[in-house]
Amino acid sequence: MSGGAAPAVVRRKAADTSRVVLSVKDLKKWFPIRKGLFSKVVAHVKAVDGVTFDIHAGETLGFVGESGCGKTTVGRAILRLLDPVTGGSASFQGQDLLAVGGDELRQLRRKMQIIFQDPYSSLNPRMTVESIVGEALTVHGIVRTTKERRERVQELLKKVGLDPVRHIARYPHEFSGGQRQRIGIARAIALEPDLIVCDEAVSALDVSIQAQIINLLQQLQEEMGMSYLFIAHGLNVVEHISHRVAVMYLGRIVEIAPSDRLYDHPSHPYTQALLSAIPETDPDAPMNPEQLQGEVPNPINPPAGCRFHPRCRFAEARCKAKDQPIPVWRIAPGHEMACILGEKIPGAERIGEQPGF
Ligand code: SF4
């Protein structure tokens, strides 16, 4: 662990809500389970099962949930790293993201990049920083000569807080975890993308380094105006960077709201439990009764009715009924949740339902 105090967190700039960059509707990605001599499909893992959201220009949408909730699958599906999807639609700057191929897809990929979780395995150990960061510049014809590439890589290294002279010829093993993630960020911004999927981009780092990387991402967003889909395990990680936060459970979004609203008024029992799971800074603080119990159920065979019911302290008989649809409510501007408890919230408007099991 680094012993230094966490740096002050940079304030996020407002997003341009008049411009939608990415629009995802009812996205589904199921993975078949095959068995037997003829590899017959006997079941499906419904990793993503009807997810809808938009991301605006310059916006960070936090995507949060425990392992296996489907958040990483959403990120990879929209980057077309998990073709084909099972259902739904996704458009990027008005273009049908799931239908394009060939050259069009190559052009779209230039505008959408990813930062991976593991700063150790995501960088080729046999390539220098110059090659790692500069590769895409050459592939996409942005630089023509070695000199041009070196100069551009040096600019990028400076932007992410690395030494453009000392670091450019080094290999990944010569860097700390935080520095490697800076290399990954330099690679991701090299093509000046409009959207970056940050796939657990700070989860493997110490807390103080996490804050530095989050600050860096916010500074880059302010300078370059790109949007982020920021995927993380815990609500504490996404709080300062996200304009809005979506909470996922077993393949579905159960609550989505502007960031400040979600932390002040968490309404879905799962969101409340995730918030209560954030470690208290005071060791004498009493144990929170909402603390999340048990494990995420097997996604091959999710619970009937509401998928969260075996872990929900408010579960009623109707939450457990087979095929029971779960109502979706708008409980404040931009704040929606899927839970029967919406009926008890004054002013909540029922806007749809999620199919039950
Ligand atoms: Fe809990 Fe029922 Fe709401 Fe599901 S629908 S979160 S089980 S109260």
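Not measured: the values here are computed from a predicted model.

This part is about the site of the ligand. Around the ligand, a shell composed of His 268, Pro 269, Cys 306, Phe 308, His 309, Cys 312, Phe 314, Ala 315, Cys 319, Cys 339, Ile 340 and Leu 341 is seen. Residue classes in the shell around the ligand are distributed as 10 nonpolar, 2 polar and no charged.

Turning our attention to the packing of helix α3 (residues 129-139) against helix α5 (residues 177-189). For the pair α3 and α5, the least separation of the axes is 7 Å and the interaxial angle reads 25°. In terms of axis orientation, α3 runs roughly parallel to α5. Handedness of the α3/α5 crossing: right-handed. Across from Val 129, Ile 132 and Val 133 in α3, the residues of α5 making contact are Ile 183, Ala 186 and Arg 187. Per-class residue counts for the contact of α3 with α5 are 5 nonpolar, no polar and 1 charged.

Time to look at the nonpolar core. It is characteristic of soluble globular proteins that their nonpolar side chains tend to be buried jointly. If you look at the biggest cluster of nonpolar residues, it comprises 69 residues, and the most contacted ones within it are Ile 185, Leu 217, Phe 230 and Leu 235. When residues of this core are assigned to their parent elements, the largest contribution, 6 residues, is made by helix α6 (residues 207-224). Excluding anything up to four places from it in sequence, Phe 230 contacts Thr 60, Leu 61, Gly 62, Phe 63, Cys 198, Val 202, Ile 214, Leu 217, Val 237, Val 238 and Ile 241. Ala 77, Leu 97, Val 100 and Ile 256 belong to the second-largest nonpolar core, a separate cluster that totals 33 residues.

One open sheet accounts for 9 strands, arranged β6-β7-β8-β3-β9-β10-β12-β11-β13; its pairing is mixed. Each edge of the sheet is formed by a strand with only one pairing partner; in this case those strands are β6 (112-115) and β13 (349-354). Along the sheet, successive strands turn relative to each other by an average axial angle of 20°, direction set aside. For strand β3 (residues 60-64) and strand β9 (residues 244-249), the ladder comprises 4 bridges, and the chain directions are parallel. Counterpart to Gly 62 in the pairing with β9 is Val 245.

Below, the discussion takes up the pattern of salt bridges. Considering all chains together, one arrives at 23 salt bridges under this definition. A salt bridge links Asp 49 to Arg 252, with the shortest nitrogen-to-oxygen separation between them at 3.4 Å. Of this pair, Asp 49 sits in strand β2 (residues 40-57) while Arg 252 sits in strand β10 (residues 252-258), placing them 203 residues apart in sequence. A single burial state applies to Asp 49 and to Arg 252, both of which are buried. Arg 330 is the partner of Glu 336 in a salt bridge, and the nearest nitrogen-oxygen pair spans 3.9 Å. Residue Glu 336 is classed as partly exposed on the basis of its relative accessible area, which comes to 26%. Assessed through its relative accessible area of 32%, Arg 330 is described here as partly exposed.

With an omega of -15°, the peptide bond between Asp 83 and Pro 84 qualifies as cis. On the secondary structure map, Pro 84 appears in the loop between α1 (71-78) and β4 (87-92).

Here the focus is the sheet that holds β2. Ordered in space as β2-β1-β4-β5, the 4 strands form an open sheet in which the pairing is antiparallel. At either margin of the open sheet sits one strand with a lone partner, and together these are β2 and β5 (95-96). Two strands pair when backbone bridges link them, and β4 and β5 are joined in this way by 2 bridges, in the antiparallel orientation. Counted as the bridge partner of Ser 91 is Asp 96 from β5. Together, β1 (16-35) and β2 form the strand contacts of α1, whose direction differs from that of β1 by roughly 110°.

Angle between the axes and distance between the axes are the two parameters that describe a pair of packed helices. The interhelical angle for the contact between α5 and α6, taken along N-to-C directions, is 20°, at an axis separation of 10 Å. With respect to their mutual orientation, α5 and α6 come out roughly parallel. Considering the relative orientation of α5 and α6, their crossing is right-handed. On the side of α5, the interface is formed by Gly 178, Gln 181, Arg 182, Ile 185 and Ile 189, while α6 contributes Ile 209, Gln 212, Ile 213, Leu 216, Leu 217, Leu 220 and Met 224. Tallied by class, residues from the contact of α5 with α6 come to 8 nonpolar, 3 polar and 1 charged.

Calculation notes
Residues numbered from 1 in each chain as written. Predicted model: local features only at pLDDT ≥ 70, side-chain atom pairs only at ≥ 80, totals over all residues. Heavy atoms only, no water. Near = heavy atom within 4 Å. Nonpolar A, V, L, I, M, F, W, Y, C, P; charged D, E, K, R; others polar. Axes fitted to C-alpha atoms, helices over the stretch in contact; angles between N-to-C directions. Helix = DSSP H or I, 4+ residues; strand = E, 2+ residues; numbered from the N terminus. Parallel < 35°, antiparallel > 145°, perpendicular 65-115°, else oblique. Left-handed = near helix turned anticlockwise from the far one by under 90°. Contact = heavy atoms within 4.5 Å. Core = buried A, V, L, I, M, F, W, Y, C linked by side-chain atoms within 4.5 Å. Buried < 20%, exposed > 50% of the residue type's maximum accessible area, 1.4 Å probe, protein only. Pairing = 2+ DSSP bridges. Salt bridge = Lys/Arg side-chain N within 4 Å of Asp/Glu carboxyl O.

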